[in-house]
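Topology and contacts: notes
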Amino acid sequence: IERDSNPWTLVGDQIRDSDQNEAASAVRSSIETVIRVWASEDKSILLESSGGLDSSIVGACLKGTPARLTCATLTTSVPGADEREYASLVADGLGVDLLASELTYGDAKLQFPIAPELVTPAVGPLQYAIDVTMRDIADRENTGSYYSGGGGDTVFGYLTNATPAADAFLAAGLATGLRTVREISEFHQCTYWKAIRLTLRRLASGRRTPHRTDLSLLPRNAPLPDSEPHP
């Protein structure tokens with residue numbers, strides 16, 4: 001059976017970029033095009049500039065667009081959580097002031113109403129506090145759209161495990177794999193030997209078996225299609 005959606009058709013050897021510069025240029029062009037097109041439609045934008053990579057990329061792509069921009073960042077009383085030094089560089093590049101609001105412990109409520117327009121029925125206490133604060137800023141500054149770096153970790157393959165090193169061994173060989181192990185150990189501040197042990201464990205695990213289907217809420221005689229393994 002031909003599947004309608006198969007992720008391997010997007011990353012197969014026959015279409016994968018062999019040149020890293022070409023791959024990076026394609027990603028940059030796609031992100032810049034999407035952000036600029038949306039900015040031309042949205043007119044007034046609140047950018048949550050966290051000071052991190054993802055929101056900074058969004059901010060850089062907004063430069064020169066016709067939209068009216070407002071930059072905002074959040075701080076907390078926790079040491080090391082103040083990113084205004086980096087977020088202000090983005091605001092300066094866009095020629096706007098950086099608005100800073102402080103999140104307090106009382107803002108992170110454990111019980112709160114879920115907005116009906118959310119596509120997933122789950123929001124963490126910290127995300128709820130961020131959303132409420134940003135909504136207040138948007139109302140105060142009269143902005144119609146909200147941009148952030150949310151989702152960037154997925155786009156740029158940010159993983160907190162040894163999978164990138166395992167992929168490097170399989171796709172690029174020994175030298176690249178060992179270099180990636182070293183980079184992972186430095187990034188996560190663990191020993192080189194722990195990083196390589198976790199990488200070898202990941203390589204040895206192979207493909208995981210699919211989850212078993214839970215039929216406890218269905219009648220025993222209910223007709224069921226045969227399940228396909230994930231590609």
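One structure accompanies this document, and this report is about it.

Along the chain, the position of S145 falls in strand 4 (residues 145–147). Judged by relative accessible area, S145 falls into the buried class, the value being 16%. C-alpha separation for the pair S145 and K43, spaced 102 residues apart in sequence, amounts to 8.2 Å. Beyond its immediate stretch of four places on either side in the chain, S145 contacts D42, S44, I45 and L46. In this structure the side chain of S145 is engaged in a polar contact, spanning 3.4 Å, whose partner is the side chain of D42.

Bridge count for strand 2 (residues 68–76) against strand 3 (residues 98–103) is six bridges, and the pairing is parallel. What sits directly across from T76, in strand 3, is L103. Considered for its hand, the β-α-β crossover made up of strand 2, helix 4 (residues 84–94) and strand 3 is right-handed.

Time to look at the layout of surface pockets. A volume near 940 Å³ is recorded for the second largest pocket. Along its surface, the second largest pocket is lined by 40 residues, and E48, Q127, I130, D131 and Y146 are the ones closest to its centre. At the level of elements, strand 1 (44–48), helix 3 (53–62), strand 2, helix 5 (125–141), strand 4 and helix 6 (152–155) are the ones that each hand at least two residues to the lining of the second largest pocket. Considering every element that reaches the lining of the second largest pocket, the biggest residue donor is helix 5, with nine residues. Classifying every residue of the lining of the second largest pocket gives 18 nonpolar, 15 polar and seven charged.

Glancing now at the pattern of salt bridges. On inspection of all chains with the given rule, the structure shows three salt bridges. Between R36 and E32 there is a salt bridge, with its nearest N and O atoms 3.5 Å apart. Highlighted residues: R36 and E32, both in helix 2 (residues 20–42), separated by four residues, approximately one helical turn.

Attention now goes to a nonpolar patch on the surface. Together, W8, L10, V11 and I15 make up an exposed nonpolar region whose accessible area comes to about 430 Å². Looking at the element boundaries, V11 is found in helix 1 (residues 8–11). Using a relative accessible area of 36% as the deciding quantity, one classes V11 as partly exposed.

Tracing the sequence through the fold places D214 in the segment after helix 9 (192–205). Between the C-alpha atom of D214 and that of C190, which follows or precedes it by 24 residues, the distance is 38 Å. For D214, the side chain forms a polar contact with the side chain of S216, separated by 2.8 Å.

Turning to unusual backbone geometry, a few remarks are in order. Phi is positive for N142, which is not a glycine, with a value near 60°. Along the polypeptide, N142 turns up in the loop between helix 5 and strand 4. Phi at Q189 takes a positive value of approximately 55°, unusual for a residue other than glycine. As for its placement among the helices and strands, Q189 is situated in the loop between helix 8 (174–188) and helix 9. On the basis of relative accessibility, which here comes to 74%, the residue Q189 falls in the exposed class.

Further remarks concern the packing of helix 2 against helix 3. Contact geometry of helix 2 with helix 3 gives a least axis separation of 9 Å together with a crossing angle of 60°. Classified by the angle their axes make, helix 2 and helix 3 are oblique. For the element pair helix 2 and helix 3, the recorded crossing hand is right-handed. Side by side, helix 2 and helix 3 meet where I31, E32, I35, R36 and A39 of the first sit next to I57, V58, C61 and L62 of the second. By residue class, the composition of the contact of helix 2 with helix 3 is seven nonpolar, no polar and two charged.

Taken together, four strands build an open sheet; the order of strands is 3-2-1-4 and the sheet is parallel. On the outer flanks of this sheet lie strand 3 and strand 4, each paired with one strand and no other. If you compare each strand with its neighbour and ignore which way they point, the axes differ by 30° on average. Taken together, the three bridges between strand 1 and strand 4 define a ladder with parallel strand orientation. Considered in strand 4, the bridge of L47 is made with Y147. Packed on one face of the sheet, helix 2 meets strand 1 and strand 4 and runs near 155° to strand 4.

The rules we used
Residues numbered from 1 in each chain as written. Predicted model: local features only at pLDDT ≥ 70, side-chain atom pairs only at ≥ 80, totals over all residues. Heavy atoms only, no water. Helix = DSSP H or I, 4+ residues; strand = E, 2+ residues; numbered from the N terminus. Buried < 20%, exposed > 50% of the residue type's maximum accessible area, 1.4 Å probe, protein only. Contact = heavy atoms within 4.5 Å. Polar contact = N/O pair within 3.5 Å; in protein donor to acceptor, adjacent residues only side chain to side chain. Pairing = 2+ DSSP bridges. Right-handed = clockwise from strand over helix to strand, strands pointing away. 1 Å grid on protein atoms, 1.4 Å probe; cavity = no way out; pocket = protein on both sides within 12 Å on 5 of 7 lines; lining within 4 Å. Points joined across faces, edges and corners; volume = space filled by probe spheres on them. Nonpolar A, V, L, I, M, F, W, Y, C, P; charged D, E, K, R; others polar. Salt bridge = Lys/Arg side-chain N within 4 Å of Asp/Glu carboxyl O. Patch = residues over 30% accessible without salt bridge, like charges linked within 9 Å, V, L, I, M, F, W, Y side chains within 5 Å. Areas by Shrake-Rupley, 256 points an atom, 1.4 Å probe, with all protein chains shown as cover. Axes fitted to C-alpha atoms, helices over the stretch in contact; angles between N-to-C directions. Parallel < 35°, antiparallel > 145°, perpendicular 65-115°, else oblique. Left-handed = near helix turned anticlockwise from the far one by under 90°.

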